[in-house]
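Close look at the chain arrangement
Here is how the chains run, residue by residue.
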Amino acid sequence: MSPQYAFDQLMNEFNLRPADFYFLDLMPLIEIIWADDDNQPGELRLLYNFLIEHIAFLDRIAGIQVVTSEDADAFLDRFAHNRPSSRLLTELRSIVSKAVPTHRHPTIFEYCLDIAAACTTQYPYGLRDRIIDEEKKLLTKIFAELNIKPDTMLPDQV
């Protein structure tokens, strides 16, 4: 099944907007944000930064404006400011590895790591508890689904 067809099926079921297809790159980030049931300001700042970079990337490769600021605002309202259903997030994430260009996968994963490490829900936290278990489990799934290889995560200078 093509990513567009799979998305269209979800679009009908979950009342998604056609422009939401262009924001699939953000779905793993959205899931990490909601893993602790809270969309914290530090996490949202990272998401907004990725969104701005993503829109610029889309416009650059298309040579035209692909999505509008209204599309981005509607997406953020639906997914970042209000918690979407877990099923919808899981279904959308399953499309990401097929719909998003492979060269974007490491950047997506790096932002997921940054979001997971950005905020904690309680202080003090244990030595290995800055990233909660739910986020660690989700990061492991995202790592596998995006087919991230450890050497793609290393800086070029190493």
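As the structure is a prediction and not an experimental result, all values here were calculated from the model.

A few words on the packing of aromatic side chains. Inspection of the entire model under this criterion finds 6 aromatic pairs. Here Phe-7 and Phe-21 contribute two aromatic rings whose centre-to-centre distance is 5.3 Å and whose plane-to-plane angle is 75°, an arrangement assigned as edge-to-face. With Phe-7 in helix H1 (residues 3–14) and Phe-21 in the loop between H1 and helix H2 (27–34), the pair connects residues that are 14 residues apart, well separated along the chain. Here the two residues Phe-7 and Phe-21 agree in accessibility, since each one is buried. Here the aromatic rings of Phe-50 and Tyr-111 are separated by 4.9 Å at their centres, their planes lie at 75°, and the arrangement is edge-to-face.

One can find Ser-69 in helix H4 (residues 69–79). Residue class for Ser-69 comes out partly exposed when judged on its relative accessible area of 46%. For the pair Ser-69 and Ile-55, spaced 14 residues apart in sequence, the C-alpha separation works out to 9.2 Å.

The rules behind each value
- Residues numbered from 1 in each chain as written.
- Predicted model: local features only at pLDDT ≥ 70, side-chain atom pairs only at ≥ 80, totals over all residues.
- Heavy atoms only, no water.
- Phe/Tyr/Trp six-rings, centres within 6.5 Å; stacked < 30°, edge-to-face > 60°.
- Helix = DSSP H or I, 4+ residues; strand = E, 2+ residues; numbered from the N terminus.
- Buried < 20%, exposed > 50% of the residue type's maximum accessible area, 1.4 Å probe, protein only.

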